[in-house]
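# Commentary on secondary and tertiary structure
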Amino acid sequence: LGGKVLDHFWKQLGTCDEKLKENIDSLKEEGFVSAHKSRKVLFRGLDHRNVDFEPVSDMAAEFFNHLGIAFRDPGGRKSGLSTEFSVSEVIDEETDKLLQRVNEEVGFGKRNQEYLKALSFKHDGKFCLLTGAEFMPFDKAGVHPALVYIIPTSVHRKTDTLKCIAMFAGDDTTSDVVSHLNDISNAMNMELNAESSYDELMWGIEAKEEGGEVKYFFQMISTKPNIRSPGYITLRDGDEIQFGKGSDSKKLNNGPIPRLCNLQLAIARVLKMSGAADVILEWIKHADDDGCYCPFIASEEFCDMLDAKLSLSGRAVVA
């Protein structure tokens, strides 16, 4: 992706012990042979149980807080199903007019989301690219479209999160996040069950350049092989996602910005493979006070709920 997170990791690891720092230099000189060989070189002359890994733990906690929570618990406004202002009111507007409206609208509010929904219809058509179902309002018996941001808007104006993105994926990707977070290059319409599984990091979009053009592929994110696609998604792992089936797709580029797709996919894979996604899910469950009737202030349930809400909002340090 172009980031320097690995260099930063080695630097932090080297601060844990002087001998470990020497071994890291030796490891870089010898090159990779196997994981077993690398581990032997890394801890040569050391008992890893006596090494203080706090600098590495601090680095992991920083990425967990500022990247993990933002991507696993995006929060923010959802496009919803029906409001006073609906996509049906602007769906017939010209593409240039919709683009102008998006540029003029401030923030990530409902009105702006409906403009982006309408643009997504013009870019990708009236069917969900994941399930093949026809959207309302084109079919009165169709499915409700949900506007999904490739990179969650929860990263907006979060300096620490953007610093972590730069470390993870490089300055060019960070620039794309800042510049295109709230436009059609970072958004698409999905059926609700596809949106839910995307938010849960069950799958992502991989962008590759093939034959001089960018193609997009559906990628499952799972520790288990040959797992079926979630919900009503008809695509299988590795299938191409056919962006650009709408009436005005050429004016709106071929699809989402490739760097944004690959950033989300990479972070999702790290969170799932490391188990961090499951930890955040537990926090979300603890933070859910729906149906919790007036807990006693000093109760264990209330304290768990408060800890979880503070952690998800970034106000608590992960120990």
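Analysis parameters
Residues numbered from 1 in each chain as written. Predicted model: local features only at pLDDT ≥ 70, side-chain atom pairs only at ≥ 80, totals over all residues. Heavy atoms only, no water. Helix = DSSP H or I, 4+ residues; strand = E, 2+ residues; numbered from the N terminus. Contact = heavy atoms within 4.5 Å. Areas by Shrake-Rupley, 256 points an atom, 1.4 Å probe, with all protein chains shown as cover. Polar contact = N/O pair within 3.5 Å; in protein donor to acceptor, adjacent residues only side chain to side chain. Axes fitted to C-alpha atoms, helices over the stretch in contact; angles between N-to-C directions. Parallel < 35°, antiparallel > 145°, perpendicular 65-115°, else oblique. Left-handed = near helix turned anticlockwise from the far one by under 90°. Nonpolar A, V, L, I, M, F, W, Y, C, P; charged D, E, K, R; others polar. Salt bridge = Lys/Arg side-chain N within 4 Å of Asp/Glu carboxyl O. Buried < 20%, exposed > 50% of the residue type's maximum accessible area, 1.4 Å probe, protein only.

## Description of the overall build of the protein chain
Check the secondary structure of the protein chain and you find 12 helices and 4 strands. Counting only contacts in the protein chain whose residues sit at least 6 apart along the sequence, the fraction spanning at least 24 positions is 71%. As presented, the protein chain carries roughly 17700 Å² of accessible surface, and 50% of it is formed by carbon and sulfur atoms.

## What about the environment of aspartate 176?
With respect to the helices and strands, aspartate 176 occurs in helix α8 (residues 171–180). Along the chain, aspartate 176 and isoleucine 257 lie 81 residues apart, while their C-alpha atoms are 8.0 Å from each other. Among residues more than four places away in sequence, those in contact with aspartate 176 are Leu181, Ile257, Arg259 and Leu260. At a separation of 2.9 Å, a polar atom in the side chain of aspartate 176 contacts the side chain of arginine 259.

## Re the packing of helix α5 (residues 95–104) against helix α6 (residues 110–124)
Between α5 and α6, the least distance of the axes is 9 Å, while the angle of their chain directions is 150°. As judged from the angle between their axes, α5 and α6 are roughly antiparallel. Here the hand of the crossing between α5 and α6 comes out left-handed. Across the interface between the two elements, Thr95, Leu98, Leu99, Arg101 and Val102 of α5 pack against Asn112, Tyr115, Leu116, Ala118, Leu119 and Lys122 of α6. Partitioning the contact of α5 with α6 into residue classes produces 7 nonpolar, 2 polar and 2 charged.

## Section: the packing of helix α7 (residues 159–169) against helix α10 (residues 258–274)
The interhelical angle for the contact between α7 and α10, taken along N-to-C directions, is 95°, at an axis separation of 11 Å. Between α7 and α10, the angle falls in the class roughly perpendicular. Here Ile165, Phe168 and Ala169 of α7 lie close against α10, whose contacting residues are Leu263, Ala266, Ile267 and Val270. In terms of residue class, the contact of α7 with α10 is made up of 7 nonpolar, no polar and no charged.

## Structural notes on the pattern of salt bridges
Overall, the coordinates contain 9 salt bridges when judged by the stated rule. The shortest N-O distance in the salt bridge between arginine 49 and aspartate 47 comes to 3.0 Å. Look at arginine 49 and you get exposed, because its relative accessible area is 68%. Residue lysine 117 pairs with glutamate 114 through a salt bridge whose shortest N-O separation is 3.8 Å.

Without other data, these values stay purely geometric and don't point to any function.
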